[in-house]
Protein chains: 2
Amino acid sequence: PMRPYLKDPAAIDEASVAAVRREARLERFPDGLADLALRLIQACGMPDIADRLSVSPGAVEAGRRALAAGAPVICDCEMVAAGLIRRDLRSEVIVTLNDPATAPMARALGTTRSAAATELWQDRLEGAVVAIGDAPTALFHLLEGLDKGWPKPALILGFPVGFVGAAESKAELSADPRGCDFITLRGRRGGPSMAAAAIGALAKGPA
Amino acid sequence: PMRPYLKDPAAIDEASVAAVRREARLERFPDGLADLALRLIQACGMPDIADRLSVSPGAVEAGRRALAAGAPVICDCEMVAAGLIRRDLRSEVIVTLNDPATAPMARALGTTRSAAATELWQDRLEGAVVAIGDAPTALFHLLEGLDKGWPKPALILGFPVGFVGAAESKAELSADPRGCDFITLRGRRGGPSMAAAAIGALAKGPA
């Protein structure tokens, strides 16, 4: 016979929140960031990511304000966009990775499609919320674009993942965010679930 | 000035594969499973997940055969579907979470939408590849359905994530897979990126 398990969505969320609070020492954070960290941890099942968050002082407020005003959400891959709960968002969601212009641009620039895709963000960057949940090269290329004078997003959510460039691109973001607010997770971990969870927490506003 | 970083996709993949091979002891696995473990690790940045995989003996072959024959891929959430590389897949991709029948079914059954969504899989389960990357209740409900005589999928990819039911549902799958092949990651970790990466590895076939 099947072991018993929780089926009520509210009871599941309550038990999940309680489990995270028991393990993650969220009281170290201001309220808004504590809520965001909670949602990130629920998305990945790893309380210890709370120890590796790097966040600019105004990031949560900047993200909430931008989303409340309907600023666009710009994602580096379709998985981030698919993870957004649209009923909580007034924003347009933009993904340029599969735009027909991206692959030729990547060849012309000698870089990845993910990096080239950020070139197509320029018109929409001003005041936007950028959510990078996959590609280190997208974050690196965005930072290079900002160095060249691209418009500044309101917030950069830096959650690229993996073994080549993820830790390095996020360290670069933390060390010099080019005047933008940012929320990032140091090291190799990250991914579209975390990027989407961050947007979800910011879109809901204060709990 | 920006630190230097790799921009060539082939060089990035090569460096990433080399990093994983240095850390994850993939030689413990047969070739097909080694390749799948590699892709899972790249998707999450965590070599130690190799130590917590639980896999039925015929799982990789069953998954490859099913996908090569164009069997449907049934996902528990849109993020898994969005993570699939469609050019490598002949399969129809099915997600019923947002089907209009799902929410009323969840209320009628007293369970989550994710669990209720699996009720709509029954006609397509025979020989399918099921990819669960989000909801423990979807995996639990599928196992209960199999106990009631639902058709058997060729392979269950069990990657639900989180603090309530994820570890338990995956332990249940490993302990009694109801005659199905399975690949799962014990514990709280999982997620749509891993579920999608598993499909990607199986769809490509032998390296």
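Up top you'll find the structure we're talking about.
The paragraphs below set out a description of the structure included in this document. Here the residue index of a chain counts from 1 through its sequence in written order. Lettering of chains starts at A and numbering of ligands starts at 1, both following the order in which they are written. Confidence filtering applies because this is a predicted model: local features only for residues at pLDDT of at least 70, side-chain atom pairs given and counted only at 80 or more, and all residues used for totals across whole chains, interfaces and linings. Side-chain figures throughout are based on the complete set of non-hydrogen atoms in the structure, without hydrogens or water.

Right, let's get into the pattern of salt bridges. By convention in these notes, a salt bridge is any Lys or Arg side-chain nitrogen within 4 Å of a carboxyl oxygen on Asp or Glu. Here the structure, examined in full by the defined rule, presents 20 salt bridges over all chains. In this structure, the salt-bridge partner of E23(A) is R188(B), at a minimum N-O distance of 2.6 Å. Taken together, the residues span two chains, with E23(A) in helix α1 (residues 9–24) and R188(B) in the loop between β6 (181–185) and α9 (192–204). The salt bridge involving R39(B) is made with D13(B); its shortest N-O contact spans 3.4 Å. Taken together, the residues span a long stretch of sequence, with R39(B) in helix α2 (residues 31–44) and D13(B) in helix α1 (residues 9–24) at a distance of 26 residues. Throughout, exposure labels follow a simple rule: accessible area from a 1.4 Å probe, protein chains only, divided by the maximum for the residue type, with under 20% read as buried, over 50% as exposed, and the rest as partly exposed. According to the relative accessible area criterion, R39(B) is partly exposed, its value standing at 26%. By sharing partners, the salt bridges in this structure join R3(A), D147(B), E172(B), D176(B) and R178(B) into a single network. Labels follow the DSSP assignment, with helices taken as runs of H or I lasting at least four residues and strands as runs of E lasting at least two, numbered in each case from the N terminus.

Fitting of the copies onto one another was done by least squares over C-alpha atoms, counting residues only where both copies have pLDDT of at least 70. Of the transformation placing chain B onto chain A, the axial shift is 0.0 Å and the rotation is 180 degrees, giving an RMSD of 0.0 Å. The two molecules are tied by a two-fold rotation axis, judged by turn and shift. Scanning chain B for the C-alpha nearest the rotation axis identifies M79(B), at a separation of 2.6 Å. We call two residues in contact when some of their heavy atoms are within 4.5 Å. Most of the interface of chain B is mirrored in chain A: 100% of its interface residues are interface residues there too.

Our focus in this paragraph is the state of the cysteines. All names here are of chain B. Cysteine sulfur atoms are paired as a disulfide whenever they fall within 2.5 Å. Under the criterion given, the structure shown has 0 disulfides over all chains. Looking at C180, it has no disulfide partner, and the nearest cysteine sulfur is the one in C75, 17 Å off. By relative accessible area, which is 6% here, C180 ends up buried.

A word on the pairing of strand β5 (residues 155–158) of chain B. All names here are of chain B. The alternating pattern of β5 places L155 and L157 and I156 and G158 on opposite faces, both of which are buried. In terms of strand pairing, strand β4 (residues 129–132) meets β5 through 4 bridges, oriented parallel. Directly across from I132, in β5, lies its bridge partner G158. Classification remark: right-handed applies to a crossover when, strands pointing away from the viewer, the course from the first strand over the helix to the second runs clockwise. With helix α7 (residues 136–147) bridging β4 and its parallel neighbour β5, the resulting β-α-β unit is right-handed. Bridge analysis of β5 against β6 gives 4 bridges, and the strand direction is parallel. Residue pairing in the sheet places L155 in a bridge with D181 of β6. The handedness of the β5 to β6 crossover, carried by helix α8 (residues 166–175), is right-handed. When DSSP finds two or more bridges between two strands, those strands count as paired.

Turning next to the sheet that holds strand β2 (residues 73–75) of chain A. In a beta sheet, neighbouring strands pair by backbone hydrogen bonds and run either parallel or antiparallel. Residue and element names in this part refer to chain A. What the 6 strands build is an open sheet, ordered β1-β6-β5-β4-β2-β3; its pairing is mixed. Strands with a single pairing partner mark the edges of an open sheet, and in this sheet they are β1 (53–55) and β3 (93–95). Looking at each pair of strands side by side, their axes are set apart by 15 degrees on average, direction ignored. Across the sheet, helix α3 (residues 59–68) touches β1, β2, β4 (129–132), β5 (155–158) and β6 (181–185), and the angle it forms with β6 is around 115 degrees. Where helix α7 (residues 136–147) meets the sheet, its contacts fall on β4 and β5, and the angle it forms with β4 comes to roughly 145 degrees. Here an axis means a line fitted to C-alpha atoms, over the contact stretch when the element is a helix, while the angle between two N-to-C directions is reported on a 0 to 180 degree scale.

From the geometry alone we can't say anything about function, so treat these as descriptive.
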